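Report on the structure
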Amino acid sequence: MKYFLINVLCLFSFFGYAQQGTLKGDVNTKNFPEVSFIWNEYNPIVLDSTSFLLKDSGTEVKFFCKPIPKDSIPQKNKSILFLWEDQPIRKDQFDFSQQLLYYFFDKLTGDTTTRFSICVFNKIETDHYGDEMKIGFTSDKDALKNFISLYRHDETKFKKPDESDLLLFVKAGLNSLTKEPKDNIRALVVITAGINRTSSGIDISSLINQSLQNKIPIYIIFFSETALETADEVIAPGLLAKGTYGEFIVFEGNVDATRNTLLDAFGKMNDRHYGQDYAINFTSQQKRDNKTHTLLLSVEGTEYPVNYVTPGFSLTIWAKQHLIWFLILLIIIIAIITLGVIFSVKFFRKRRNEIQDKKQGEERQKARELTEQENQKRRVAETQEELRRLKETTEHEKRHVLEQEQIERLTKLMHTKNLHPRLIILNDKNTFNIRNVVTTIGKSEDNDIILSDPTVSRSHAQIIFTDSGFEIHDLQSSNGTIVNDSYVESAELKNKDVIQLGQVAIKFYL
């Protein structure tokens, strides 16, 4: 009961944790007094407008808030640490964990970017991993599966067979993940039966804060062959998962179902790590004074300051706001202009009548001269245009002949050197032989190599044979061209280079 009350208090304290909110771009005041901005919450759960409160210079204002659909989120590399709980009295839990992990990595053969680490833990007195219980971060699935299959359940290995230092190892796991690149999506996956009677002095609040500060969600796989027994056993793991924007996955006897749930969670890690964007707009009551004003945005009780600058004075806006005074000034200005025009017209009319006849004759003569000049210019322009088209046609034909000669020369060179490289699609093991000087790759039917994957552009890339070898050129594709994990516009290809077009991985053999 003691642990239950402590964990309930932690549950309520979770809602006081600081959200991870970020302003996306600048505040838009283009249509002032309408003000809008994009707000991102690290929390992946879509909040409704009642979770937001907005104050402009201390005064609460009405606003509109709506979540923005996730059209496209940049994919990131991942670093994932598995904490494998091995309790000597729970051989059934050990067997479940071993099967789950082995089959999980067996299904990720196509993933070459994610780095994994596995640490087996139980009740120990140190706050670090034992070398004999940990495999370092690696993307080698065979090494991971080998570690899992060779690790053996040992009832005499740990100090206390009836306890598991869960929170201690969660903290150590978070510390380990902070050493991984910050640009990576980092996540902690814990397989546990929920027993948590640690004397280390670590509380759930500090772990959740550490997780949120470093954006490391905690995924809990809870081992239970029957219905969940007591809140005392599961509330701490459940809080860790919920409080860090991870997931709480319960095993109830079906390893395949749990493995599929874990694979699904793994596939959605990128979206959960990005969080959720919200479009917020309101009508400002501030003046057009070109000064900085502070908004106070509250998200589920957590306040964030957001600064914006109002536009400067605008005559158009002032006229709309002071319409009567604007009309009076406009009438006075029009009256002055009208009087000036009347006197000017009388003065110039007399003068115009005196010289009108003379000017008419001169203008007619000038008109004839201008007409003749325009005709001459038009004839010259037509002649120049005809010469230009003739020159372009001649140059085009020359270029075409040179290109054909170059293609024929390179084709002969390929046959002479017996250069016929192969492309092997790693996703489905299909093989394509390159026999042309220029080989186009894309989703469109008119390509030499057709890839139907939706992440591949219609005309994605082309492989060109030069005197020195083969090069790949990106054709301004939407997802870009990657050679050996680097985005390229063009690159020389070497034997066994790995090319990635969208989500299609290709190996180049020369």
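How each quantity is defined
Think of each chain on its own: its residues are numbered from 1, step by step along the sequence as written. With the structure being a predicted model, the display of local features is reserved for residues of pLDDT at least 70 and the display and counting of side-chain atom pairs for 80 or more, all residues being used for whole-chain, interface and lining totals. Where side-chain values are given, they derive from all heavy atoms of the structure, hydrogens and water being excluded. Values of pLDDT, which run from 0 to 100, indicate the predictor's confidence residue by residue. Here, two residues are considered to be in contact whenever any of their heavy atoms come within 4.5 Å of each other. Think of a salt bridge as a Lys or Arg side-chain nitrogen and an Asp or Glu carboxyl oxygen that are within 4 Å of each other. Helix and strand definitions here come from DSSP, where helices need a minimum of 4 consecutive H or I residues and strands a minimum of 2 consecutive E residues; each element is numbered from the N-terminal end. The span one expects for a helix is its residue count, reduced by one, times 1.5 Å. We call a residue buried when its accessible area falls under 20% of the maximum for its residue type, exposed when it is over 50%, and partly exposed in between, using a 1.4 Å probe and counting protein chains only. Counting of polar contacts relies on pairs of N or O atoms within 3.5 Å, with two restrictions inside protein: one atom must be capable of donating a hydrogen and the other of accepting it, and residues adjacent in sequence are counted only when both atoms are side-chain atoms. When DSSP locates at least two bridges between a pair of strands, those strands are taken to pair. Helix axes use the C-alpha atoms of the stretch in contact, all axes being lines fitted to C-alpha atoms, and the angles between their N-to-C directions lie in the range 0 to 180 degrees. Under the pairing criterion, centres of Phe, Tyr and Trp rings, with the six-membered ring standing for Trp, must be within 6.5 Å; the plane angle then separates stacked pairs below 30 degrees from edge-to-face pairs above 60, leaving the rest tilted. Charge-over-ring placement is defined geometrically: NZ (Lys) or CZ (Arg) within 6 Å of the ring centre, and within 35 degrees of the ring normal. Here roughly perpendicular refers to angles of 65 to 115 degrees, roughly parallel to angles under 35, roughly antiparallel to angles over 145, and oblique to all remaining angles. By convention the crossing between two helices is left-handed if the near helix lies anticlockwise of the far one by an angle smaller than a right angle, and right-handed if it lies clockwise. Amino acids are sorted into nonpolar (Ala, Val, Leu, Ile, Met, Phe, Trp, Tyr, Cys and Pro), charged (Asp, Glu, Lys and Arg) and polar (every other residue, Gly among them). Every patch collects residues that have over 30% relative accessible area and no salt bridge, joining them within 9 Å if they carry like charges and within 5 Å if they are nonpolar side chains (Val, Leu, Ile, Met, Phe, Trp, Tyr). All accessible-area figures derive from a Shrake-Rupley calculation using a 1.4 Å probe, and residue coverage is judged against the displayed protein chains alone.

1. Section: the confidence of the model for the protein
- Residues of the protein with pLDDT of at least 70 account for 88%, and the chain-wide mean is 84.
- This model gives residues 1-18 a pLDDT under 50, and the stretch forms 27 contacts once residues within four places in sequence are excluded.

2. Things to note about the pattern of salt bridges
- Counted according to the given criterion, the structure contains 13 salt bridges.
- Between Glu 247 and Arg 272 there is a salt bridge, with its nearest N and O atoms 3.7 Å apart. Here Glu 247 is found in the loop between helix 6 (231-243) and strand 11 (248-251), whereas its partner Arg 272 is found in helix 8 (residues 269-274), with 25 residues between them in sequence.
- A single network of salt bridges, built from pairs that share partners, joins Glu 385, Glu 386, Arg 388, Arg 389 and Glu 392.

3. A closer look at helix 2 (residues 91-106)
- With 16 residues, helix 2 should reach 22 Å at 1.5 Å per residue; the first-to-last C-alpha distance of 23 Å fits that figure.
- Considered for burial, the residues of helix 2 that qualify are Gln 93, Phe 94, Phe 96, Ser 97, Gln 98, Leu 100, Leu 101, Phe 104 and Phe 105.

4. Points about the side chain of Glu 85
- Along the chain, the position of Glu 85 falls in strand 6 (residues 78-85).
- A polar contact of 3.1 Å, which involves the side chain of Glu 85, links it to the side chain of Thr 192.

5. Overview of helix 4 (residues 166-177)
- Relative to the 16 Å expected for twelve residues at 1.5 Å per residue, helix 4 spans 16 Å between its end C-alpha atoms, a close match to the ideal helical length.
- In terms of burial, helix 4 is largely enclosed, as ten of its twelve residues are buried.
- Those residues of helix 4 that fall on the buried side of the exposure criterion are Leu 166, Leu 167, Leu 168, Phe 169, Val 170, Ala 172, Gly 173, Leu 174, Ser 176 and Leu 177.

6. Let's talk about the sheet that holds strand 5 (residues 63-68)
- Taken in spatial order, the four strands of this open sheet run 1-2-12-5, and their pairing is antiparallel. Looking at the sheet topology across the chains shown, the edges are occupied by strand 1 (21-28) and strand 5. Shown here is a sheet whose adjacent strand axes are inclined to one another by a mean of 20 degrees, direction ignored.
- In this structure, strand 5 lies alongside strand 12 (residues 276-283), joined through six bridges in antiparallel fashion. Residue Lys 66 lies in a different strand from strand 12, and its bridge partner there is Ala 279.

7. Concerning the packing of aromatic side chains
- Going through the model one piece at a time under the given rule, you end up with 25 aromatic pairs.
- With 5.4 Å between their ring centres and 35 degrees between their planes, Phe 96 and Phe 223 make a pair best called tilted. Of the two residues, Phe 96 is situated in helix 2 and Phe 223 in strand 10 (residues 218-223); the sequence distance between them amounts to 127 residues.
- In this structure an aromatic cluster arises from ring pairing among Phe 82, Phe 104, Phe 105, Phe 116 and Phe 266.
- When the ring centre of Phe 266 is taken as origin, the NZ or CZ atom of Lys 78, which lies over that ring, is 5.2 Å away.

8. Points about the packing of helix 2 against helix 7 (residues 255-267)
- One way to put it is that helix 2 packs onto helix 7 with a least axis distance of 10 Å and a crossing angle of 45 degrees. Judged on the interaxial angle alone, helix 7 and helix 2 are oblique. Here helix 2 runs over helix 7; the crossing is right-handed. Packed against helix 2, whose contacting residues are Phe 96, Gln 99, Leu 100, Tyr 103 and Phe 104, the element helix 7 presents Val 255, Thr 258, Arg 259, Leu 262, Leu 263 and Phe 266 at the interface.
- In terms of residue class, the contact of helix 2 with helix 7 is built from eight nonpolar, two polar and one charged.

9. Some points on the environment of Arg 272
- Along the sequence, Arg 272 and Asn 43 sit 229 residues apart, while their C-alpha atoms lie 7.5 Å from each other.
- Once residues within four sequence positions are removed from consideration, Arg 272 is found in contact with Tyr 42, Pro 44, Tyr 219, Tyr 245, Gly 246 and Glu 247.

10. A closer look at a nonpolar patch on the surface
- Residues Ile 324, Trp 325, Ile 328, Ile 332 and Ile 336 make up a contiguous nonpolar surface patch of roughly 570 Å² in combined accessible area.
- With respect to the helices and strands, the residue Trp 325 is situated in helix 10 (residues 323-417).

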